[in-house]
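A look at the structure
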Amino acid sequence: MAIAWAVIEYLHDSPELRQKTMFATHYPELTELRSHFAGLRNVSFSVKRAADGVLFLRKLPYGPSDQRYGIDGGKLAGLATGG
């Protein structure tokens, strides 16, 4: 998490980089950086829950995610089998 924080801080403080930088992380603690850096915005995928998993929708509302979806994303990518 310290490396991710440092990268976010570096990108924020580098005017030539920060204009169009998207930084994806699975650390919900990093969403709190929004209160420390005026140039940051939190966005997250809208998710539809189903009995057999989740569906990530093509909507990116402002605000942090309501929970972690790393395992679900890994399953969709074929990286995790679950259980």
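Right above here is the structure, for reference.
Here the residue index of a chain counts from 1 through its sequence in written order. Reporting in this predicted model follows two pLDDT cut-offs: at least 70 for local features of residues, and 80 or more for side-chain atom pairs to be given and counted; totals over whole chains, interfaces and linings ignore these cut-offs and use all residues. Side-chain descriptors were evaluated using all non-hydrogen atoms of the structure, hydrogens and water having been removed beforehand.

Let's talk about the nonpolar core
Listed in full, the six residues of the largest apolar core are Ala4, Ile8, Leu30, Leu33, Phe37 and Leu40. If sequence neighbours within four positions are ignored, Phe37 has contacts with Glu9 and His12. We call a set of buried Ala, Val, Leu, Ile, Met, Phe, Trp, Tyr and Cys residues a nonpolar core when their side-chain atoms join them within 4.5 Å. Burial classes follow relative accessibility: with a 1.4 Å probe on protein chains only, a residue under 20% of its type's maximum area counts as buried, one over 50% as exposed, and anything between as partly exposed. Note on contacts: a residue pair is in contact if any heavy atoms of the two residues lie within 4.5 Å.

Structural notes on the environment of Gly63
Here a helix means four or more residues in a row that DSSP labels H or I, a strand means two or more in a row labelled E, and each is numbered from the N terminus. Position of Gly63 among the secondary structure elements: in the loop between strand 2 (53-56) and helix 3 (70-76). When its relative accessible area of 17% is taken as the criterion, Gly63 is described as buried. Taking the C-alpha atoms as reference, Gly63 lies 14 Å from His26; in sequence the two are 37 residues apart. Residue contacts for Gly63: discarding those within four places in its chain leaves Asn42, Val43 and Ser44.

Examining the packing of aromatic side chains
Stacked, tilted and edge-to-face are the three classes assigned to paired rings of Phe, Tyr and Trp, where Trp is represented by its six-membered ring and a pair needs centres within 6.5 Å; plane angles under 30 degrees give stacked, over 60 edge-to-face, the rest tilted. Here the structure, examined in full by the defined rule, presents two aromatic pairs. With centroids separated by 6.5 Å and ring planes inclined at 70°, the aromatic side chains of Phe45 and Phe56 adopt a geometry described as edge-to-face. Pair noted here: Phe45 is in the loop between helix 2 (15-18) and strand 1 (47-50) and Phe56 is in strand 2, with a separation of eleven residues, a long-range link. The exposure class of Phe56 is partly exposed, given its relative accessible area of 28%. Following the ring pairs from residue to residue traces out a cluster consisting of Phe45, Phe56 and Tyr69.

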